[in-house]
Every structure is written in structure tokens, then in C-alpha cells.
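# Fold and geometry: a report
So the chains spell out like this:
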Amino acid sequence: MKCTRCRAKAEVQLRAHNSAFCRPCYVVFFQRQVERAIARQRMFARDEPVLVAVSGGKDSLALWDVLADLGYATSGLYLGLGIGDYSARSRDKAEAFAARRGLPLRIVDLSEVGPGLGVPEVAAATRRTPCAACGTMKRHSFDAAALEAGFAVLATGHNLDDEAARLLGNVLHWQKDHLARQRPVLHPTHPKFVRKVKPLYLVSEYETAVYAFMRGIDYVVEECPNAVGATQLVYKDVLARLEVESPGTKLRFVQEFVRTAQPAFAEVEHQAPGECAVCGMPAYGEVCSYCRLVREVETKRARAAAGRM
Ligand code: SF4
Ligand SMILES: [Zn+2]
Ligand SMILES: [Zn+2]
């Protein structure tokens, strides 16, 4: 098998793209895919500083690597979720990557800011699934950290497989409001919200893993323990089977949704957010969902303390 670009011996074959690449050409191909997505979707300008949310996993570190290589002014943001050894190991990987590349990394540890609550205890106290609690806490913390540090853009490492699985879930349940917001660029609906972009939305998990391997990126291989049994994984499995039968299915599914169907959903009228009475961040009710979560935990703690008296 020969490299599609230079005819040298190929190391990786991509059936979805009907191509094969040697190592140097693959790195160029991958970086160009990302660069093209940024330009086509007008995610951010050349000179615009970008905050990259890094989890220590392959996707976010590969994203940071590409953006830094392409010459964008990036800073990393690591959010400590308080999920035992997994969080400790992922933080180590993010810190080691930043140190090796000489890139600035901001660390926000949920157990050390605000009311000092990690994901597991919020989930237990509020009887939410860990991922539901985590999602609310992440959204709030990303916006708050970007606002505090003065960034207008936050990039996340969501890849094609993530987007395809999410799209399948949203379509199966006809979640119109979710489909209205499933875009590679989410423009802020409030001055305290940050623009959220997903430069890897058209590159698959496999392509990202190959890139990380070829670039020698050391990432946390294990998944978050709470990912086990997530419905998203079932959707990913179904899509992987379709992909084997018909290479390029995932790419067409997401690409065509964004190009043709998404604008129709985006027209759904959205109420503009007001401001949370507690923390001042954007909120759709009187209090934002993060502060509601915190309030629930504090009420529970107060009740437990009163019971002990
Ligand atoms: S799997 Fe769930 S708990 Fe773990 S990082 Fe993802 S959303 Fe958070
Ligand atoms: Zn080549
Ligand atoms: Zn709030």
C-alpha cells in the first residue's frame, strides 16, 4: 500500500477518505483537516487567543498539539473533576504535555473552587448520574474560567465519533432543542458566555489516536470510570458497525447534518438568558443550573448536620 500523497510506503489506511498515508504525510493530512474545519466554519481568526479544554485524553491533547503547531496562540484549561485516581492521572498527563511543549496551562480544581464540590459527591448528594452532574459543572466552569481569563473562544476535543453518536441520540429522540445547538461553532447568547468550537468534529477517534501516536503524545489511555455503560457508547458501537459496512457513513452523517439539516433546527426561537441571582453567570431561570446543583448539595448537608445535632 502506497501513500496517496508521496507514493512512499503507507503506514495508515483511511477507508472513509479512500486514502493511505506515510507518517509525515499523515501528520500534514490531519493538521490540514483541522485547519480547514476552522476556516470553513469560521471558528476563530488567526490572531485570536484560544483556550483549549484539555482532559489529559488523546483528543484534547491532539487538538492542542495541532493548534500550537499551526501557530495559534493557545492556552490549556484543565478542569479537575475530583474523580479519584482517574482525575489525578489525567491532570499529570495534561501538565506533562504543557511542560514539554512550553505551553501555558490553567488548572481549575472543582474541589478547590467555590463550594469545593467534586463530581462524585455532587452526583451522590443530588441523585443525578455522574455525567449529568459533570456536564452542568463543566459548562459553568468552562464559561467562568474563560471569562475570568479574558478568552473569547473555548475549543474542545470532541471528535467525529462523539458528534455522530450525539447526533444519533438526538435524532432517535427528536430532541429539537439539542439539534438546534449541535453545531461545530456555538456563538454566545450572552456576553458572559464564550464562543465554543470543536475543530476535530470531522476527524474520527481512530484518526486522532493515530495522530497522537505518530506525534508521541503521552495521554491518559483509560476512560473515565463513569463512561462505562453510557448510552453514547451503544450509539458509537452501532455507528462503528455501519462504518465497517459502508466507510464514510459517520463523516457524511455529521457533515451533511451540519450543512443541510442543522440550519432548519437552528431557526427554533431561543429565549435569551438572563443572569443568575447567585453567581451572575447567564441563566435561563432566576438561578443558573450550576448554582441550583450547589444549593441542593448544601441543603442536603445542612439537613444531615441538623440530624446529627
Ligand atoms: S464520563 Fe461522565 S463523569 Fe466522566 S468525564 Fe465524561 S461526563 Fe464527566
Ligand atoms: Zn507520504
Ligand atoms: Zn449561578
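Placed above this text is the structure.
Let us look at the structure shown here. Just so it is clear, the model here is predicted, and its values are computed rather than measured. (Residues numbered from 1 in each chain as written. Chains lettered and ligands numbered in written order. Predicted model: local features only at pLDDT ≥ 70, side-chain atom pairs only at ≥ 80, totals over all residues. Heavy atoms only, no water.)

As a further point, take the site of ligand 1. Close to ligand 1 lie Leu81, Ile83, Cys131, Cys134, Lys138, Cys224, Asn226 and Ala227. For the shell around ligand 1, the per-class residue count stands at 6 nonpolar, 1 polar and 1 charged. (Near = heavy atom within 4 Å. Nonpolar A, V, L, I, M, F, W, Y, C, P; charged D, E, K, R; others polar.)

In this section: the pairing of strand 3 (residues 50-53). Of the two faces of strand 3, the one lined by Val50 and Val52 and the one lined by Leu51 and Ala53 are each fully buried. Pairing of strand 3 with strand 4 (residues 74-80) involves 4 bridges; the strand directions are parallel. Considered in strand 4, the bridge of Leu51 is made with Ser75. Read as a crossover between parallel neighbours, the route from strand 3 over helix 2 (residues 58-69) to strand 4 is right-handed. Relative to strand 6 (residues 153-155), strand 3 runs parallel, the two being bridged by 3 bridges. Paired with Val50 across the bridge in strand 6 is Val153. (Buried < 20%, exposed > 50% of the residue type's maximum accessible area, 1.4 Å probe, protein only. Helix = DSSP H or I, 4+ residues; strand = E, 2+ residues; numbered from the N terminus. Pairing = 2+ DSSP bridges. Right-handed = clockwise from strand over helix to strand, strands pointing away.)

Further remarks concern the packing of aromatic side chains. Taken as a whole, this structure holds 8 aromatic pairs when the rule is applied. With 6.2 Å between their ring centres and 40° between their planes, Tyr26 and Phe30 make a pair best called tilted. Placement of the pair is Tyr26 and Phe30 together in helix 1 (residues 23-40), with a separation of 4 residues, close to one helical turn. Per residue, the accessibility class of Tyr26 equals that of Phe30, and both read buried. Ring plane angle 40° and centroid distance 6.5 Å describe the contact between Phe257 and Phe265, whose orientation is recorded as tilted. Take Phe257 and Phe265: they sit in the same class, and that class is buried. Aromatic rings pair up to connect Phe21, Tyr26, Phe29, Phe30 and Tyr211 into one cluster. (Phe/Tyr/Trp six-rings, centres within 6.5 Å; stacked < 30°, edge-to-face > 60°.)

Quick look at the coordination of the zinc ion (ligand 2) now. At 2.3 to 2.4 Å from the zinc ion (ligand 2) lie its protein donor atoms, namely Cys3 (SG), Cys6 (SG), Cys22 (SG) and Cys25 (SG). The site at the zinc ion (ligand 2) holds 4 donor atoms, and with the angles between them running 100 to 117°, its shape is tetrahedral. Written as a sequence motif, the donor arrangement for the zinc ion (ligand 2) is C-x2-C-x15-C-x2-C. Placement of the pair is Cys3 in the segment before strand 1 (12-14) and Cys22 in the loop between strand 2 (19-21) and helix 1, with a sequence separation of 19 residues. Neither Cys3 nor Cys22 differs from the other in exposure class; each is buried. (Donors = N, O, S within 2.8 Å, 3.2 Å for Na, K, Ca; no water. Tetrahedral: all angles 85-135°; square planar, octahedral: opposite > 155°, others 65-115°.)

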